[in-house]
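# Close look at the chain arrangement
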Amino acid sequence: MLMSSLNANDHTIGPLDAPMQLVEYGSYDCPHCRQALPIVTEVSQRYGAPLLYGYRHFPHGGVDTEPGRAACAAEAAGLQGKFWEMHDMLLNHQAELTESNLVGHAASLGLDAQRFKSDMVSPGVVEKVREQFQSGLDAAVRSTPTFLINGVRHDDYWDVDTLLEALNRHAANLLVPHSF
């Protein structure tokens, strides 16, 4: 089943018009998501064609939880141009997701702390996290990390070699003419 594609509203790395898209649904309290961080980096570096990687929030327990507030913190940091820095910080400090820790992380990244605290609870930020969580539910995400390749859920291992093989398989399918 095909799911929605990444768009300019998503946090992405790579060209928006790349023929291959890798989407990760993750939660900042998930140890497997922390393990996936260097794997995704290596896959992005080793994949031999343009690749668009995007991260979508799927906080365990929903938006009104500690992981949900962490997702809102990442979005608030993004409003100050530091989404990926906060993303990495949260994954690497998973035991530090309380509100005071989140504000401390923001300060360590040089963010305006008052603006950050305000943005973190703003309706737009909370709604964005809620929409991404819902898109994960719509994509039948049940655990994190869950990867989609060109909108199709990847139900295999997510080590470097397996993800690269899956990307190459999907890319080959793009080149095969289909008859209807």
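My aim in this report is to walk through the structure given alongside it, one point at a time. (Residues numbered from 1 in each chain as written. Predicted model: local features only at pLDDT ≥ 70, side-chain atom pairs only at ≥ 80, totals over all residues. Heavy atoms only, no water.)

### Quick notes on the nonpolar core
Among the nonpolar cores identified, the biggest contains 46 residues, and Leu 22, Tyr 28, Val 43, Met 86, Leu 90, Leu 102 and Phe 116 are the most heavily contacted of them. Discounting chain neighbours no more than four positions away, the residues touching Tyr 28 are Tyr 55, His 57, Ala 70, Ala 71, Ala 74, Phe 83, His 87, Leu 90, Leu 91, Gln 94 and Leu 97. Ranked by size, the runner-up nonpolar core spans 10 residues in total, among them Leu 6, Tyr 25, Val 141 and Leu 148. (Core = buried A, V, L, I, M, F, W, Y, C linked by side-chain atoms within 4.5 Å. Buried < 20%, exposed > 50% of the residue type's maximum accessible area, 1.4 Å probe, protein only. Contact = heavy atoms within 4.5 Å.)

### Observations concerning helix α2 (residues 66–78)
Over its 13 residues, α2 extends 18 Å from the first C-alpha to the last, a length consistent with the 18 Å expected when each residue adds 1.5 Å. Along α2, 10 of the 13 residues are buried, which leaves the element largely enclosed by surrounding structure. Among the residues of α2, Pro 67, Gly 68, Ala 70, Ala 71, Cys 72, Ala 73, Ala 74, Glu 75, Ala 76 and Ala 77 are the ones counted as buried. (Helix = DSSP H or I, 4+ residues; strand = E, 2+ residues; numbered from the N terminus. Expected span 1.5 Å × (residues − 1).)

### Details of the pairing of strand β3 (residues 51–57)
Taken across its 7 residues, β3 has 7 buried, putting it largely inside the fold. The alternating pattern of β3 places Leu 51, Tyr 53, Tyr 55 and His 57 and Leu 52, Gly 54 and Arg 56 on opposite faces, both of which are buried. Pairing between strand β1 (residues 11–13) and β3: 3 bridges, direction antiparallel. Looking across to β3, one finds that Thr 12 is bridged to Gly 54. Looking at chain direction, strand β2 (residues 20–26) and β3 are connected through 7 bridges and run parallel. Within β3, the residue paired with Gln 21 across the bridge is Leu 52. For the segment spanning β2, helix α1 (residues 31–46) and β3, crossover handedness is right-handed. (Pairing = 2+ DSSP bridges. Right-handed = clockwise from strand over helix to strand, strands pointing away.)

Everything listed is a geometric property; what it means functionally is a separate question.
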